[in-house]
Amino acid sequence: MTRARDDLEALRDPALRSTPLEAESTAQSTTSGPVPGPGETMQDAAAPSPGEPAGAGEPRQAGPERAAAASSAGAAPLQADARARGDESLDRERYERYAMPASDLPAANVQAFRGDASGVLAIVRRAVQSVTRDPARHRRRLPKSRFDAIRSLPELAMALDYAVTRMQPESAPPPEVVEKLDLLYGVLRPTIATAEVYFPRSIVPETFGIVRRALVAGDPASATATITNLILDRWSHVQSRIPITREELTQLNSTAKWLLSNTRPPERLDSRDIRDRLWSLLRERYEQLRAIAQEVSGDDSREYAPERLAAD
């Protein structure tokens, strides 16, 4: 019981929370009680220590009152989670906070997400709670930035969930729009990767800034039009080296501009690229968490920090 109580107090330590959003996520995660460690069951984590009577430290209640209190305590985590998921402004703020660094990932490092975002969130929450049982120890052994990146993984997983479940068109777009969005999604990332090779961000930061904002907004048409304009404007410098023909670029540019001219932003909303970028950023940080889990628990770390977060 003492270990479980110390673990919870460490997780509640305000000094170890990097942001208000992260603090809220941690508080919600700990309301459901201690998380069992490797080889430990929920009953083991909640059982009183030897010599400590059951119910010690809490007032005695009559049967009906005690049942009512337990019922209300059990409902609290559900209410807290529903409140967090239902606050659109908070969800959007969390999404934007992680979508910005995700949009900076090199296109060649982005991997497609094929999985259940809520399942990923559940695994990440359990792994973070288990690995950060001794925050002071890991603070001493890890740079502050790396430790905070690990502790913020649940927030990053929530941002991924937002991109998957919330960033959807208001209504089903016409088939012609869907077809053009599918075309752009299939070539947008390779085109950006090509531009990153031949036109480094330091040379044309304003162009990549526009692309970045378009990706965060889930607007592949704006991103494609901007990046193809850049390549076409400087075609003479890359025409003998670039793996894309001028005709292909011109077609992509025309498709993107058609979408910009004939649809409203909500109608062409497509979060697939930023979804994959959030997933790739999450995978990078999760690997850091798994390294710590291996150090802390050895082979037992696989029980709460599995190698695979989702189907690949």
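Residue numbers here run from 1 along each chain, matching the order of that chain's written sequence. In keeping with the model being predicted, local features are shown solely for residues with a pLDDT of at least 70 and side-chain atom pairs are shown and tallied solely at 80 or more, while totals for entire chains, interfaces and linings include all residues. Side-chain measures here rest on the full set of heavy atoms in the structure, leaving out hydrogens and waters.

An account of the environment of Leu121 is needed here, citing residue identities and associated values.
Comment: elements are numbered from the N terminus, with helices defined as DSSP H or I runs of at least four residues and strands as E runs of at least two. Residue placement: Leu121 occurs in helix H6 (residues 117–131). Placed 36 residues apart in sequence, Leu121 and Ala157 show a C-alpha to C-alpha distance of 5.2 Å. The residues contacting Leu121, other than those within four sequence positions of it, are Pro154, Ala157 and Met158. Contacts are residue-level and defined by heavy atoms, with any inter-residue pair within 4.5 Å sufficient.

Go over helix H10 (residues 175–198), please, and point to the residues and values.
For H10, built from 24 residues, the straight-helix expectation of 34 Å at 1.5 Å per residue is met to within 8% by its first-to-last C-alpha distance of 35 Å. Of the residues making up H10, those classed as buried are Val177, Lys180, Leu181, Leu184, Leu188, Arg189, Thr191, Ile192, Ala193, Thr194, Ala195 and Glu196. The span you would expect from a helix comes to 1.5 Å times its residue count less one. The classification of residues rests on relative accessible area computed with a 1.4 Å probe and restricted to protein chains. Under 20% of the type maximum is buried, over 50% is exposed, and intermediate values are partly exposed.

Quick rundown of the packing of aromatic side chains? Include the residues and the values.
Each Phe, Tyr or Trp ring (for Trp, its six-membered ring) is paired with any other whose centre lies within 6.5 Å, and the angle between the two planes then decides the class: stacked below 30 degrees, edge-to-face above 60, tilted in between. As enumerated under the stated definition, the model contains two aromatic pairs in all. Measuring from ring centre to ring centre gives 5.2 Å for Tyr95 and Tyr162, while their planes differ by 35 degrees; the resulting arrangement is tilted. Here the residue Tyr95 occupies a position in helix H5 (residues 88–103), and Tyr162 occupies one in helix H9 (residues 153–165), the gap between them amounting to 67 residues. On the basis of relative accessible area, Tyr95 is assigned to the buried category, the value being 0%. Taking the relative accessible area as the measure of exposure, Tyr162 reaches 6% and is therefore buried. A ring has a charge above it when a Lys NZ or an Arg CZ is no more than 6 Å from the ring centre and no more than 35 degrees off the ring normal. We note Lys180 situated over the ring of Trp258; from NZ or CZ to the ring centre the distance is 4.9 Å. The residue whose ring lies beneath Arg272 is Tyr185, and the NZ or CZ to ring-centre distance is 4.3 Å.

Tell me about the pattern of salt bridges, and please be specific about residues and values.
For this document, the term salt bridge refers to a Lys or Arg side-chain nitrogen within 4 Å of an Asp or Glu carboxyl oxygen. In this structure the tally under the stated criterion is 17 salt bridges. Of the charged contacts in the structure, one is a salt bridge between Arg97 and Glu155, with a shortest N-O distance of 3.9 Å. Highlighted residues: Arg97 in helix H5 and Glu155 in helix H9, separated in sequence by 58 residues. Arg97 gets classed as partly exposed once you look at its relative accessible area, which sits at 29%. The salt bridge partner of Arg189 is Asp273, with a shortest N-O separation of 3.4 Å. Taken as a pair, Arg189 in helix H10 and Asp273 in helix H15 (residues 272–297) lie far apart in primary sequence, 84 residues in all. What makes Arg189 buried here is its relative accessible area of 16%.

Summarise the packing of H10 against helix H12 (residues 220–233); cite the residues concerned and give the values.
Axis geometry follows a simple rule: fit a line to the C-alpha atoms, using only the stretch in contact for helices, then measure angles between N-to-C directions, giving values from 0 to 180 degrees. For the pair H10 and H12, interaxial distance at closest approach is 10 Å and the crossing angle is 40 degrees. Between H10 and H12, the angle is such that the two are oblique. The element H10 and its partner H12 pack so that their crossing is left-handed. For the pair H10 and H12, the contacting residues are Leu181, Leu184, Leu188, Thr191, Ile192 and Ala195 in the first and Pro220, Ala221, Ala223, Thr224, Ile227, Thr228 and Ile231 in the second. The scheme is simple: roughly parallel for angles under 35 degrees, roughly antiparallel for over 145, roughly perpendicular for 65 to 115, oblique for anything else. A crossing counts as left-handed when the near helix is turned anticlockwise from the far one by less than a right angle, and as right-handed when that turn is clockwise.

Such coordinate-based values are descriptive only and should not be taken to indicate function.
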